[in-house]
Amino acid sequence: MSIETIEKDVCIVGGGPAGMILGMLLAKAGKEVIVLESHDNFDREYRGEVLQPRFLQLMEQIGLRAYLESFPSSKLTCGALYYNDKRKGEFSFSGFSKDIPYALWMPQPILLQALYDKAAELPGFSMRFHAQVKELLHDGDRIAGVTAEGAQGPVHVKAKVTVGADGRFSAVRRLGGFEFEYEHHAGDLIWFTVPKPEHWGDELRIQISDGHGYIILPKYPNHLQVGVAVPVEEWKEIREHGIQPFREELLAANPAFRAFAEELKDFKPFVLLQVKDFLVKRWAKDGCLLIGDAAHCASPVGAVGVSLSVTTAVMAADVIYDALEAGDVSAERLDRVQEQREEEIRAIHKIQVRGAKMVFTSTPFIRTIAPILLSLAAKTKLLPAIQRRTLLMAHPLPIHERFTFK
Ligand SMILES: Cc1cc2nc3c(=O)[nH]c(=O)nc-3n(C[C@H](O)[C@H](O)[C@H](O)COP(=O)(O)OP(=O)(O)OC[C@H]3O[C@@H](n4cnc5c(N)ncnc54)[C@H](O)[C@@H]3O)c2cc1C
C-alpha cells in the first residue's frame, strides 16, 4: 500500500493557539502551510481561556482584534485577593492600557475555531485533524517533515521547515532530541467547575485559605472554573484519605462550592494539571523549530501562557518567512526566534515561580504570612508593577504588513 505524501513549505505540528496563529500568518504571507492536529476538533476543557491585554494588543497589531472580539466572550476588569472569606485587596486589568482596559475570557474552542475560519480563507492554508505525529523525517542532518497517523492510515508530510507547536508534552521535542534547560514543578492545580452565583459578576479571585489556595475564574457564560493549588505529591495523599475530608474542605472554603461539594461521591469530577514552567535549551535544529508551550511552557500563574505562545508564533512567522526566502533553514537562522523571545520568557518564569511558592505551599510559616503579603501587594505599587510587566507588552512587535489583516 502506498503511503500518502504531502509536500509543503511549512509543516506545523499542533493546532493550539501558537500553531493556528503561525499557520495563518505564513499563509497570509503566501506560503504553503499545513497544520496537523491530533484531536478530531477544537473541543477541549481546562485550557488557557483568559486572554490578557497583551494578547489583544498583538491581535490589534495583526488586525484581528475586532474580529475575535465579535465571538462569544466576557470581559474581565478586576480581580480580588481573599484570605478565607476576608477580602484583602483588589487588582485590576483596566488600568494598564486605555485602549484595552480588560482581559478577555474566551473559551479556547471558540478562539481556535475563529482562527481556523479566518485561516481557511487563505489559499496556502490547510489543516488535518485526527493526525497524530509519530515520527520525524530526515534529509541528511535536516529535519524534513513528519509522519502522522491519520484517520485513513499514515501520512508523510515533507516540509522545508517543521514546527513543533504541539504543547507541553510535545512529540516533536521528544522525537527531535531537544533538551530542557530548566523545569520547575511548583505543584498541581486540581480543577473543577461549578455554576456561577448570580452576585459574582466577572470577578477573578485568588483565595488563600487554611486548607489550600484557590484560583477562581469566571468561565463564560455562567460557571466558575476553580483550581485548588496543592503542593507536589499531595493530591496522591488527598486521594488516599478518601473523598470525605476533601469534600469538607470544599464545603468550608467558599459558599459557591457548596452544592457541588454536597453531591461529591468520588474524585471523578476533578482534573489534575501539573503546574510547570520549563525552558528548552535550544529551540531550533536544522529545518525544525519549537514554539509556544513546546519550547517555553508557562505555568497557569498569571494566566499568560496563550499570550506568550502566540507572541513567539508571531515572531516565528517573520523568521521562517525570511529563512524560506533566503533558502536557509539552518538552526542558526531559526535561532533568531529564541534570541528575540528568551529574555522575556525567563523574566516571566521567574515571577511565576515566586508567585507559585506562595500559593502552592503547605508550610505553616508561609501560610501565616500569606494574608499579610497579599494585603501589602494589593495596597502598594508592587502588584500593579508585576501585572504591568506580565500582562502588557512593553513595546509593539515589529510586524511586517505581509502578516496583517488590515
Ligand atoms: C488548566 C490550564 C489553564 C490555563 N489557563 C490559562 C489562561 O487562563 N490563560 C493563558 O494565557 N494560558 C493558560 N494556560 C496555558 C495555555 O493553555 C497554554 O500556554 C497555551 O495553550 C499554549 O499554546 P500552544 O499552542 O503552545 O500549545 P497547546 O495549546 O497545548 O496546543 C498544542 C496542540 O498540539 C496538539 N498535539 C499535541 N501532540 C500532538 C501530536 N503528536 N500530533 C499532532 N498534534 C499534537 C494538541 O492536541 C494541541 O491542540 C492554561 C493551561 C492549562 C493546562
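The structure this text deals with has already been given above.
The structure displayed is predicted, hence computed values, not measured ones.

Novice: Please clarify how the nonpolar core should be interpreted in this entry.
Specialist: Grouped together as the largest cluster of nonpolar side chains are 107 residues, with contacts concentrated most on Leu22 and Ile320. The element contributing the most residues to this core is helix H9 (residues 305-326), with 13 residues. Residues in contact with Leu22, not counting those within four places in the same chain, are Ile12, Val163, Ile291, Ala313, Ala316, Ala317 and Ile320. Counting 23 residues, the second-largest nonpolar core is a separate cluster that includes Ile190, Val194, Ala256 and Phe257.

Novice: It is not clear to me how the pairing of strand E8 (residues 125-128) should be interpreted in this structure. Could you clarify?
Specialist: A regular strand carries its side chains on alternate faces of the sheet. A one-sided burial pattern is seen for E8, the buried positions being Phe125 and Met127 and the unburied ones Ser126 and Arg128. In this structure, strand E2 (residues 33-36) lies alongside E8, joined through four bridges in parallel fashion. Considered in E8, the bridge of Ile34 is made with Ser126.

Novice: Help me out: how do you make sense of the site of the ligand in this one?
Specialist: Near the ligand lie 33 residues; those nearest to it are Glu37, His39, Arg44, Asp293 and Val306. Interatomic distance of 2.9 Å between a backbone N/O atom of Asp293 and an oxygen atom of the ligand. A distance of 3.5 Å separates an oxygen atom of the ligand from a polar side-chain atom of Ser309. Calculation on the ligand without its partners gives an accessible area of 1,000 Å², and the protein chains cover 93% of this total.

Novice: Mind showing me how you'd approach the sheet that holds strand E16 (residues 271-280) here?
Specialist: Pairing within the open sheet is mixed, and its eight strands lie in the order E6-E5-E13-E14-E15-E12-E16-E19. Two strands lie at the open edges of the sheet, namely strand E6 (86-92) and strand E19 (296-297), each paired on one side alone. As defined by bridge partners, strand E13 (residues 204-208) adjoins strand E14 (residues 213-219) across four bridges and the pair is classed as antiparallel. Pairing of Gln207 across the sheet is with Tyr214, part of E14. Strands in contact with helix H7 (residues 243-253) are strand E12 (180-195), E13, E14 and strand E15 (223-230); relative to E14, the strand with the most contacts, it is inclined by about 65 degrees.

Novice: For this particular structure, what's the right way to read the packing of aromatic side chains?
Specialist: How two aromatic rings sit relative to each other is set out by the distance from centre to centre and by the angle between their planes. Per the stated rule, a full pass over the model turns up 18 aromatic pairs. On the basis of an interplanar angle of 70 degrees and a centroid distance of 6.3 Å, the ring pair of Tyr116 and Phe125 is categorised as edge-to-face. Seen in terms of ring centroids, Tyr321 and Phe403 are 6.0 Å apart; in terms of plane orientation they differ by 85 degrees. Their pairing is edge-to-face. Of the two residues, Tyr321 sits in helix H9 while Phe403 sits in the segment after helix H12 (382-391), which places them 82 residues apart along the sequence. Judged by relative accessible area, Tyr321 falls into the buried class, the value being 12%. For Phe403, a relative accessible area of 2% translates into the label buried. Lying across the ring of Phe405, Lys28 places its NZ or CZ 5.4 Å from the centre.

Novice: Would you take a moment to explain helix H4 (residues 108-120) for this structure?
Specialist: Structurally, the α-helix is built with 3.6 residues per turn, so residues lying three or four positions apart point the same way. In this model H4 runs 18 Å from its N-terminal to its C-terminal C-alpha over 13 residues, within 8% of the 18 Å that 1.5 Å per residue would give. Of the residues making up H4, those classed as buried are Gln108, Pro109, Leu111, Leu112, Ala114, Leu115, Lys118 and Ala119. The secondary structure elements touched by the buried residues of H4 are helix H1 (17-28), strand E3 (50-51), helix H2 (53-62), helix H3 (65-69), E8 and H9.

Novice: Where do I start with the pairing of strand E1 (residues 4-13) in this structure?
Specialist: The buried count for E1 comes to seven of ten residues, which makes it a mostly enclosed element. Pairing of E1 with strand E11 (residues 153-164), which is carried by nine bridges, proceeds in the parallel orientation. Note on E11: the bridge partner recorded for Thr5 is His156. Sheet analysis places E1 next to E2, joined by four bridges and oriented parallel.

Novice: Can you help me understand the sheet that holds E3 in this one?
Specialist: In a beta sheet, neighbouring strands pair by backbone hydrogen bonds and run either parallel or antiparallel. Strand order in this open sheet of three strands is E3-E7-E4, and the pairing throughout is antiparallel. One side of each edge strand has no neighbouring strand; the edge strands of this open sheet are E3 and strand E4 (74-76).

Novice: What is the right way to read the pattern of salt bridges from this model?
Specialist: Between side chains of opposite charge, a pair can form as their charged atoms come close. Counted according to the given criterion, the structure contains 20 salt bridges. The shortest N-O distance in the salt bridge between Arg346 and Glu181 comes to 2.8 Å. Here the residue Arg346 occupies a position in helix H10 (residues 331-359), and Glu181 occupies one in strand E12, the gap between them amounting to 165 residues. Exposure remark for Arg346: the relative accessible area of 27% places this residue in the partly exposed category.

Novice: What exactly am I supposed to notice about the side chain of Ser299 here?
Specialist: Position of Ser299 among the secondary structure elements: in the loop between E19 and H9. Its relative accessible area of 1% is what places Ser299 among the buried residues. Once residues lying within four places of it in the same chain are set aside, the contact partners of Ser299 are Val275, Lys276, Asp277 and Gln352.

So, how was this worked out
Residues numbered from 1 in each chain as written. Predicted model: local features only at pLDDT ≥ 70, side-chain atom pairs only at ≥ 80, totals over all residues. Heavy atoms only, no water. Core = buried A, V, L, I, M, F, W, Y, C linked by side-chain atoms within 4.5 Å. Buried < 20%, exposed > 50% of the residue type's maximum accessible area, 1.4 Å probe, protein only. Helix = DSSP H or I, 4+ residues; strand = E, 2+ residues; numbered from the N terminus. Contact = heavy atoms within 4.5 Å. Pairing = 2+ DSSP bridges. Near = heavy atom within 4 Å. Polar contact = N/O pair within 3.5 Å; in protein donor to acceptor, adjacent residues only side chain to side chain. Areas by Shrake-Rupley, 256 points an atom, 1.4 Å probe, with all protein chains shown as cover. Axes fitted to C-alpha atoms, helices over the stretch in contact; angles between N-to-C directions. Phe/Tyr/Trp six-rings, centres within 6.5 Å; stacked < 30°, edge-to-face > 60°. Lys NZ or Arg CZ within 6 Å of the ring centre and 35° of its normal. Expected span 1.5 Å × (residues − 1). Salt bridge = Lys/Arg side-chain N within 4 Å of Asp/Glu carboxyl O.

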